[in-house]
Structure formats: C-alpha cells, structure tokens
Amino acid sequence: MGQGSARSGAVRQAREWDLVELVRLQALLSGDLDGDELDALAVALWEQLAADHVRVLVVDAGDEGLAACGIGAIDRRPPRPGLPGGRTGHVTGVVTDPGHRRHGHSRTVIGGLLAWFRDHDVSRVELRAPVQSAPLHRAVIPSR
C-alpha cells in the first residue's frame, strides 16, 4: 500500500504516496485511458493534492490499497442571495473499487467532503455523478 497507516474503512486526506492508487481509481470513472491520458491524470491529481482549495479524501483498504476516493473543490464567486459568502463546493470523482462496493465507502467520502465544506463556510455544494448514484447522493446530501 504505501506509507502511512490508517484504519481500514476510515476516511482520511490523500497524501503523495496515494497517487498511484488515486490514478487507478479515477481511471475507473473514465474507462480505457491511454498512457498520455493516464500521465495527464496523474499530473492533475498531484496538483490537486497540494492545492488549498481542493480536498482529496480516501478510504484505505488495508494491504489492498485504496477502497474509495473523492475530490472536493471550493470555488469563490461574488456573493449573491443564497450564496452570501460566494463559496460553492464541488464534489467530483467519487469512486469505489469494485471489490469494495456496498460497504458505505462513497457515503463516508462524501460525508467527509461535506464536513470540509462546512469548515470552510461553503454555502452551496454541487455534485456531479452518474445517474445510477443518485439514490446514494440523495441519502447523504441534505436537500434544502
């Protein structure tokens, strides 16, 4: 697995040593990627790991690597009604390894991202996900 030891099933912030596993999981969302596309994905994820406005969360699967991951980003826009601080959160790239599905890992990742958004005074969160994930997201993200 890499360095660091986190309890299997616990959500944590991704670290540099998670990069290979992050690329593997994110590639599951995109299907067949060629070498150049995988390299570009690795560079983008590496940059996101260091960005203050981005949080990449993972769930460890012990010696098997990562069970799940998800990305949250904060966008700042001018304040307006319903968006007093101008901060919008974006949840993307939530994916669970096929061998670890149906254990609540995506729910755990999204819950961790929502907590991070709350800590950063985000007043609206937008989620981009496949239609088949809608029941999970409705259950995790409270509606207004």
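Before any of the text, the structure's been laid out above.
This section reports on the structure supplied with the text.

Procedures and definitions
- Residues numbered from 1 in each chain as written.
- Predicted model: local features only at pLDDT ≥ 70, side-chain atom pairs only at ≥ 80, totals over all residues.
- Heavy atoms only, no water.
- Salt bridge = Lys/Arg side-chain N within 4 Å of Asp/Glu carboxyl O.
- Helix = DSSP H or I, 4+ residues; strand = E, 2+ residues; numbered from the N terminus.
- Buried < 20%, exposed > 50% of the residue type's maximum accessible area, 1.4 Å probe, protein only.
- Contact = heavy atoms within 4.5 Å.
- Polar contact = N/O pair within 3.5 Å; in protein donor to acceptor, adjacent residues only side chain to side chain.
- Core = buried A, V, L, I, M, F, W, Y, C linked by side-chain atoms within 4.5 Å.

1. Looking at the pattern of salt bridges
Within this structure, the stated rule accounts for six salt bridges. Here arginine 12 ties to aspartate 60 by a salt bridge, and the two come within 2.7 Å at their closest N and O atoms. On the criterion of sequence distance, the pair formed by arginine 12 in strand 1 (residues 11-13) and aspartate 60 in strand 2 (residues 54-60) is long-range, its members being 48 residues apart. Taken individually, arginine 12 and aspartate 60 each receive the classification buried, so the pair is uniform in this respect. What emerges from the salt-bridge pattern is a single network uniting Arg12, Asp18 and Asp60.

2. Regarding the environment of histidine 90
Among the structural elements, histidine 90 can be located in strand 4 (residues 87-96). Its relative accessible area of 18% is what places histidine 90 among the buried residues. Taking the C-alpha atoms as reference, histidine 90 lies 4.8 Å from glutamate 126; in sequence the two are 36 residues apart. Setting aside residues up to four positions removed in sequence, histidine 90 forms contacts with Ile71, Gly72, Ala73, Asp75, Arg77, Phe117 and Glu126. Within polar-contact distance, the side chain of histidine 90 engages the side chain of glutamate 126 at 3.3 Å.

3. A closer look at the nonpolar core
Ala14, Leu22, Leu45, Val56, Val58 and Cys69 are the most contacted members of the largest nonpolar core, which totals 17 residues. Elements represented by at least two residues in this core include exactly helix 1 (19-30), helix 2 (35-50), strand 2 and strand 3 (66-76). Element by element, the count of residues in this core is highest for helix 1, at five residues. With near-sequence residues (within four places) excluded, cysteine 69 lies in contact with Leu22, Leu25, Gln26, Leu57, Val58, Gly93, Val94, Val95 and Val109.

In short, the description is geometric, and any link to function would need to be established separately.
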